[in-house]
Amino acid sequence: MNIVVILKQTPDTESVIRIAGDGKSVVTDGFKWVINPYDEFAVEAALKIKEKHGGKVTILSYGPQRVVEAVRTALAMGADDAVFIDEEHLESCGRIKVAQAVAAAIKEMSPDLVFCGSRAVDMDMAQRGPMVAEFLGWPHLALATSIECDGKTVSIQRSLEGGKVTQESTLPVLVTFGGSHAVWNPRYASLPGIMKAKKKPLQNKKLADLGLDAAEFTPEKAKVRVVSLELPPERKPGKIIDGGLDTEGKARELVRLLHEEAKVI
Amino acid sequence: MSKCVCVIAEYRGGNFRRVTHEVASEGRRIADALGVPLQAVAVGSGVAEKAAELGRYGVEKVFVADDPALEGYIAETHTPIVADLVQKCDPAVVIMPASVDGKDLGARLSARLLAGLVQDSTEIVVENGKIKAKKPIYAGKCYCWNEWADGEMPLISCRPNVMGCLAPDESKSAQVDKVEVTLPEARSSVKSLELDTSGRVGLSGAETIVSGGRGLKEAGNFSLLEDLAQVLDAAVGASRAAVDSGWRPHADQVGQTGKVVNPNLYIAVGISGAIQHLAGMGSSKYIVAVNKDADAPIFTKADYGIVEDLFQFMPVFVEELKKYKSSCS
Ligand SMILES: Cc1cc2nc3c(=O)[nH]c(=O)nc-3n(C[C@H](O)[C@H](O)[C@H](O)COP(=O)(O)OP(=O)(O)OC[C@H]3O[C@@H](n4cnc5c(N)ncnc54)[C@H](O)[C@@H]3O)c2cc1C
């Protein structure tokens, strides 16, 4: 079974977000870059399926050179090889263009399964997976919190507001991963894994190598544009309920404040 | 010919979901600002009978695809059907729910219609006839305003419980145009759909949330929070530490890699307030923190802080609340 995992590099979730001078982008100095956590779940799920059914796991990513580090990390987790769409400005061309480039790269590999995170922790647009599936003309199953694969079909569970769904598809299919760390428990890259990863094959591809016309991939083609960024309003410092009260006194005071001041009970 | 605003309705278990009413209300506002009609698209099993109801929220006309095979959302089947209906509307703007299924459908539609999509918008404005949409990024650590290139059709999904809802006008109903459904050939299907009928409040729509963290020490101690939740008619959430420890199901995780919530009242108990947790609940209207460590970062975000051992404080707090509640009734 051949599995492609689409991977995006994002700032670490610890990152403090500051707005840059242009008012439209964030200050990236000092960011620690990591594999998007949801894509990491996808890598883990792919490795588990490979362990059961054999085959190979290929990492597919794109963007500036810094992303290669995230790709190497996924190889160190146990993926076999990687394809890197070496186009620094791909993301500035808009999400539709990214999905078209990714779909073109996948077509060349004709895998049985394509996995990716259900969303990225930076822009949180939750669109890459379903878009790629549409461009491939494939079905997709979204937001898996568990997955079973018997070699011919895949079935997943997903939760939705007030319920649970089980969905199934024949191969090839694209699956996006939801859930949390507790569900997927992605493995760490081991030291030997990191050493091996350095030698694993990583192919660089330009848009032209994927049969795409680079002239169609410019920032002017982006349909959606960022106008401005703003930070959420600062919360006013709150009050610690103390005043020398005992536990009961504090509880009573809290009830009073929630009722009289906040008016939420 | 003036184009319309098109709303994609979400229909499940025999009813339009509340978020559909919110999106229709928002659609009405945008249509009025643009001076164009408001139309809708509704897909599902049995939806034709209900479709006229959307008129109460200002929808003038609904294009409907009704077929038993459309019970339960599956992207491969729903996308081409919804896309065809949207094209029948010939819209200037399409808005839809940023629900679990809505975001999935939106992404697929974006590729199919080659329409630029902004997901999970919290505010839409019309300026000089052009649409701008705001959305949270980095799990609410920042907000991003987006616009569309000239001649592009905005496709926007709207975050539930944010945009508000018009008071329904029971005297109005929408014109229903039932369209013949051609089901696409599909390799994927819904095997089962289990809806929770317990009436328990879900995290996403809850007005009050009581969340517990590592400070709870073990799964059984969450009963302290369940008691409080019962008195307040609240949902129970958890930090990642509590979920990773196996004390709570993953669906209860609040934060950057869990649910982003915005209740009126969020009570954090035994939670330190890590940046990933704050990202998920920082937009709550009021925050209460109970923590024995006065230096815990959660207190920098809390409107009301209680520095106490939670095992001592919580039972007393629940009793005081009960007393207060019974004095009200
Ligand atoms: C990629 C990534 C994603 C993440 N996503 C999330 C996310 O979505 N949501 C999330 O919550 N976290 C997330 N985290 C984890 C986050 O960094 C913290 O580790 C986590 O939030 C800590 O949970 P906690 O506050 O329950 O535990 P701790 O940080 O251990 O805090 C426990 C608190 O309980 C208090 N306490 C202990 N005993 C008592 C007592 N008897 N009475 C009163 N107070 C007591 C302590 O003083 C302490 O402040 C993520 C981390 C990473 C790396």
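Bear in mind that the values here come from a model prediction, so they are computed numbers and not experimental data.

Undergrad: It is not clear to me how the nonpolar core should be interpreted in this structure. Could you clarify?
TA: Soluble globular proteins tend to pack their nonpolar side chains together in the buried interior. If you look at the biggest cluster of nonpolar residues, it comprises 56 residues, and the most contacted ones within it are I6, I106 and V132 of chain A. If one sorts the elements of this core by residue count, helix α3 (residues 95-109) of chain A sits on top with nine residues. Aside from chain neighbours lying at most four places away, what touches V132 of chain A is I6, A99, V102, A103, I106 and L174 of chain A. One finds I17 of chain A together with Y11, V62 and V93 of chain B within the second-largest nonpolar core, a separate group that totals 44 residues.

Undergrad: It is not clear to me how the packing of α3 of chain A against helix α4 (residues 128-136) of chain A should be interpreted in this structure. Could you clarify?
TA: Packed helices, taken two at a time, are described by their axes: the angle between them and the distance between them. All names here are of chain A. Contact geometry of α3 with α4 gives a least axis separation of 9 Å together with a crossing angle of 55°. By the angle between their directions, the pair α3 and α4 is classed as oblique. By crossing handedness, the relation of α3 to α4 is classed as right-handed. Across the interface between the two elements, R95, I96, A99, Q100, V102, A103, I106 and K107 from α3 touch M131, V132, F135 and L136 from α4.

Undergrad: Could you clarify how one ought to interpret helix α2 (residues 67-77) of chain A in this entry?
TA: It helps to recall that an α-helix has 3.6 residues per turn; residues three or four apart then point in one direction. Residues and elements named next belong to chain A. In terms of residue burial, α2 counts as a mostly covered element, since eight of its 11 residues are buried. Every buried residue of α2 is listed here: V67, V68, A70, V71, A74, L75, A76 and M77. Once α2 finishes, G78 follows within two positions and takes phi at roughly 140°, a positive value.

Undergrad: Sorry if this is basic, but what is going on with the pattern of salt bridges here?
TA: Where charged atoms from two side chains of opposite charge approach closely, those side chains can pair. Per the counting criterion, the structure on display carries 47 salt bridges over all chains. Here R108 of chain B and E134 of chain A are joined by a salt bridge, their closest N and O atoms 2.7 Å apart. Placement of the pair is R108 of chain B in helix α4 (residues 100-113) and E134 of chain A in helix α4, with the two residues belonging to separate chains. A salt bridge links K250 of chain A to E308 of chain B, with the nearest nitrogen and oxygen atoms 3.3 Å apart. Taken together, the residues span two chains, with K250 of chain A in helix α7 (residues 247-261) and E308 of chain B in the loop between β18 (304-307) and α8 (310-328). For E308 of chain B, a relative accessible area of 10% puts it in the buried group.

Undergrad: Before we go on, may I ask you to explain the domain arrangement of chain B in this structure?
TA: Reports often express the size of an interface as the amount of accessible area lost when the parts come together. Residues and elements named next belong to chain B. You can read the domains of chain B as domain 1 (4-178) and domain 2 (208-328). A C-alpha centroid distance of 34 Å is found between domain 1 and domain 2. Buried area between domain 1 and domain 2, both sides added, is near 500 Å², and the carbon and sulfur share of it is 53%. The largest per-residue losses of area from domain 1 upon contact with domain 2 belong to A139, K141 and R159, which jointly make up 77% of the total buried on that side. Where domain 1 meets domain 2, there are zero salt bridges.

Conventions used here
Every residue gets a number counted from 1 within its own chain, in the order that chain's sequence is written. Ligands are numbered from 1 and chains lettered from A, in the order in which they are written. Local features in this predicted model are restricted to residues of pLDDT 70 or higher, and side-chain atom pairs are both shown and tallied only at a pLDDT of 80 or more, whereas totals for entire chains, interfaces and linings draw on every residue. Values shown for side chains rest on all heavy atoms present in the structure; no hydrogens or waters enter the calculation. Nonpolar cores are built from buried Ala, Val, Leu, Ile, Met, Phe, Trp, Tyr and Cys residues. Side-chain atoms within 4.5 Å join them into one set. When a residue's accessible area, from a 1.4 Å probe over protein chains only, is under 20% of the maximum for its type it is buried; when over 50% it is exposed; and in between it is partly exposed. Numbering of helices and strands runs from the N terminus; a helix is a DSSP stretch of H or I covering at least four residues, while a strand is a stretch of E covering at least two. Contacts: residue pairs with any heavy atoms within 4.5 Å of one another. Helix axes are fitted to C-alpha atoms over the stretch in contact, other axes to C-alpha atoms as well, and angles between N-to-C directions run from 0 to 180 degrees. Any angle from 65 to 115 degrees is called roughly perpendicular, while one under 35 is roughly parallel, one over 145 is roughly antiparallel, and all others are oblique. Should the near helix be turned anticlockwise from the far one by less than a right angle, the crossing is termed left-handed; should it be turned clockwise, right-handed. Salt bridges are defined by distance alone: a side-chain nitrogen of Lys or Arg within 4 Å of a carboxyl oxygen of Asp or Glu. An automatic or database domain assignment is the source of the domain bounds shown. When two parts are brought into contact, each loses some accessible area as probed by a 1.4 Å sphere; the total of that loss over both is the buried area.

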